[in-house]
Amino acid sequence: ERFETTSEAMVELRKSRGLDKNGNLAMPLRWFNQLVVRSGLKFQPLRWFGMSAGAGLVAGLAYWRFVGGPGPAVGIAALILVLGPIVWLKMVAGRRMKKMSEQLPDALQIVCRSLEAGHPVATAVSLVAREMPDPIGTEFGMAADEVSYGMSLTNAVQRMAERAGDPDVELFVATVRLQEKTGGNLCELLKANTTTIRERQTMRLKVKAASSEGRASAMILTSAPFIVMSGIHVLRPEFYGEVIDEPLVRVVFPILFVWMAIGNFVMRKMINFKM
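A brief report on the enclosed structure follows. Note that this is a predicted model, so its numbers are computed, not measured. (Residues numbered from 1 in each chain as written. Predicted model: local features only at pLDDT ≥ 70, side-chain atom pairs only at ≥ 80, totals over all residues. Heavy atoms only, no water.)

1. Notes on the overall build of the protein chain
Let me state the cut-off plainly: Each helix is a run of H or I in the DSSP string that is no shorter than four residues. Each strand is a run of E no shorter than two, and both are numbered from the N terminus. Both definitions apply: the radius of gyration is a C-alpha atom measure, and the globule rule equals 2.2 Å times residues to the power 0.38. Any residue under 20% of the maximum accessible area for its type is buried, any over 50% is exposed, and the rest in between are partly exposed; the area is computed with a 1.4 Å probe on protein chains only. Residue contacts follow a heavy-atom distance rule, with two residues in contact if any of their heavy atoms lie within 4.5 Å. For accessible areas, the Shrake-Rupley method is used with a probe of radius 1.4 Å. Any residue's cover is judged against the shown protein chains and nothing else. For the purpose of charge, His is not counted, nor are the chain termini; Lys and Arg are scored as positive and Asp and Glu as negative. Think of each charge as sitting on NZ of Lys, CZ of Arg, CG of Asp or CD of Glu.
The secondary structure content of the protein chain amounts to 12 helices and 0 strands. Secondary structure elements of the protein chain, listed N to C terminal, follow the sequence α-α-α-α-α-α-α-α-α-α-α-α. Since a compact globule built from 275 residues should have a radius of gyration of about 19 Å, the 24 Å found for the protein chain marks it as more spread out than a globular shape. Along the longest, intermediate and shortest principal axes, the C-alpha atoms of the protein chain span 80 × 45 × 30 Å. Counting every position in the protein chain, which comprises 275 residues, the buried fraction comes to 31%. A separation threshold of at least 6 residues defines the contact pool for the protein chain, and within that pool the share at least 24 residues apart is 62%. Accessible surface computed for the protein chain: about 16,800 Å², of which carbon and sulfur atoms make up 64%. For the protein chain, the separation between the mean place of its 33 positive charges and that of its 25 negative charges on side chains is 3 Å.

Printed below as a string of structure tokens:
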């Protein structure tokens, strides 16, 4: 509503997602640009790194206060400053991709019903944008706007797959490209697509159930040291207070955190099954 034309709104929407006015990646770091686009968040780097700097400062001061040693405290603050936005964007992008994958079968059903009613493919895509919520509605809406302003349907859905980063969306795009080149009944192809995607989602749920024990063990092993240390510090403050100023303790504590991070990485690899 703030813009006079849909074209201006589309350009502004692209820029807010970290793209240029033509819908291409605008940043030199391609992997970071893809991460920003797939997160679906408004591109606000100053705010992200400001929040990360605040969290790093708090963590560094807490380490300096309770453990001691300016060197490790500065290292912890710098690590959180650099990795904080990246880890957060990965988490947001992962949740968004998961939600989009869950919404995709319903979106394809809407496309099929629209095609069966005699509408062209571009109209069916715009119908998904009107009927479905974010994130699938937003991505289909951007694709529909690009088609309305002269881009071919194949290129529009290809860009949608690049923005989404989800393999199920890429399967839909591959189906559209195949139908455009070879012909055939697109509605029947999309119905088969929907069945395949639902079966893949069922398999993912089975894998998640099979790895639930490993994930629970990882959470327990990660939280147990902090819970035990907090309990001991509350019940017997002198237990750590008498040795906290020892040089060896100040060296060992950072090593323990690094070792814990390595253990979490190994456990993640053990329970993160690829399909």
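Next comes the rest of the write-up.
2. Let's talk about the side chain of Arg17
Mapped onto the elements, Arg17 comes out in the loop between helix H1 (6-16) and helix H2 (30-39). Residue class for Arg17 comes out buried when judged on its relative accessible area of 3%.

3. Digging into helix H9 (residues 186-210)
Selection rule: The span expected for a helix works out to 1.5 Å for each residue beyond the first. Under this definition, polar contacts are N or O atom pairs within 3.5 Å; protein pairs additionally need one hydrogen-donor-capable and one acceptor-capable atom, and for neighbouring residues in sequence, both atoms have to be side-chain atoms.
With 25 residues, H9 extends 36 Å from end C-alpha to end C-alpha; this agrees with the ideal 36 Å at 1.5 Å per step. Considered for burial, the residues of H9 that qualify are Leu186, Cys187, Leu190, Asn193, Thr194, Ile197 and Gln201. Where H9 is buried, its residues touch helix H4 (70-116), helix H5 (121-131) and helix H8 (167-182). Between the side-chain oxygen at the start of H9 and the backbone nitrogen of Cys187 there is a gap of 3.0 Å, and the oxygen is on Asn185.

4. So, the packing of helix H3 (residues 45-66) against H4
Counted only if it meets this: Note on geometry: axes are C-alpha line fits, over the in-contact stretch for helices, and angles between N-to-C directions span 0 to 180 degrees. Roughly parallel means an angle under 35 degrees; roughly antiparallel means over 145; roughly perpendicular covers 65 to 115; every other angle is labelled oblique. Working rule for handedness: look at the near helix, and if it is turned counterclockwise from the far one by less than a right angle, call the crossing left-handed; if clockwise, right-handed. Amino acids outside the nonpolar list (Ala, Val, Leu, Ile, Met, Phe, Trp, Tyr, Cys, Pro) and the charged list (Asp, Glu, Lys, Arg) are all regarded as polar, and Gly is one of them.
The contact between H3 and H4 brings their axes to 8 Å, and the two run at 150°. Put simply, H3 runs roughly antiparallel to H4. The way H3 lies across H4 gives a crossing that is right-handed. Of H4, the residues touching H3 (which contributes Trp48, Phe49, Ser52, Ala53, Ala55, Gly56, Leu57, Ala59, Gly60, Tyr63 and Trp64) are Pro70, Pro72, Ala73, Ile76, Ala77, Ile80, Leu81, Gly84, Pro85, Trp88 and Leu89. Tallied by class, the residues present in the contact of H3 with H4 amount to 18 nonpolar, 4 polar and no charged.

5. Quick look at the pattern of salt bridges
Worth spelling out the cut-off: Between Lys or Arg on one side and Asp or Glu on the other, a salt bridge is scored when a side-chain nitrogen of the former is within 4 Å of a carboxyl oxygen of the latter.
Enumeration according to the criterion identifies 11 salt bridges in this entry. The partner of Glu139 in a salt bridge is Arg96, with the nearest N and O atoms 3.0 Å apart. In this pair, Glu139 sits in helix H6 (residues 136-148) while Arg96 sits in helix H4, placing the two residues 43 residues apart along the sequence. Here the two residues Glu139 and Arg96 agree in accessibility, since each one is buried. With a shortest N-O distance of 3.8 Å, Arg163 and Glu146 are connected by a salt bridge. Of this pair, Arg163 sits in helix H7 (residues 153-164) while Glu146 sits in helix H6, placing them 17 residues apart in sequence. Here the two residues Arg163 and Glu146 agree in accessibility, since each one is buried.

6. Brief notes about the packing of H4 against H5
Where H4 contacts H5, the axes come no closer than 9 Å and their chain directions differ by 135°. Relative to H5, the element H4 is oriented oblique. Seen along the crossing, H4 lies across H5 with a hand that is right-handed. Facing Ala107, Ile110, Val111, Ser114 and Leu115 of H4, the residues of H5 in contact are Val121, Ala124, Leu127, Val128 and Glu131. When grouped by side-chain class, the residues that make up the contact of H4 with H5 number 8 nonpolar, 1 polar and 1 charged.

7. Here's the deal with the nonpolar core
Applied cut-off: Throughout this description, the term nonpolar core refers to a set of buried Ala, Val, Leu, Ile, Met, Phe, Trp, Tyr and Cys residues connected via side-chain atoms within 4.5 Å.
Counting residues in hydrophobic clusters, the biggest one holds 29 residues, and the most contacted among them are Phe140, Val169, Phe172 and Leu190. When contributions to this core are tallied by element, the ones reaching two or more residues are H4, H5, H6, H7, H8 and H9. It is H4 that contributes the most residues to this core, 8 residues altogether. For Val169, the contacting residues outside a window of four places in its chain are Met100, Leu104, Met160, Ala161 and Ala164.

8. Here we look at a nonpolar patch on the surface
The following threshold applies: Within the patch definition used here, like charges are joined within 9 Å and nonpolar side chains (Val, Leu, Ile, Met, Phe, Trp, Tyr) within 5 Å, considering only residues with over 30% relative accessible area and no salt bridge.
A cluster of nonpolar side chains, Phe49, Leu79, Leu81, Val82, Leu83, Val87 and Met91, forms an exposed patch at the surface whose accessible area comes to about 590 Å². Sort the elements by how many residues they give to the nonpolar patch and H4 lands first, with 6 residues. Taking the relative accessible area as the measure of exposure, Phe49 reaches 33% and is therefore partly exposed.

9. Comments concerning the side chain of Glu139
For Glu139, a relative accessible area of 0% corresponds to the buried category. When sequence neighbours within four positions are dropped, the list of residues in contact with Glu139 reads Arg17, Arg96, Met100, Met160 and Arg163.

10. What about H5?
Buried within H5 are the following residues: Ala124, Val125, Ser126 and Val128. Where H5 is buried, its residues contact H4, H6 and H7.

In short, the description is geometric, and any link to function would need to be established separately.
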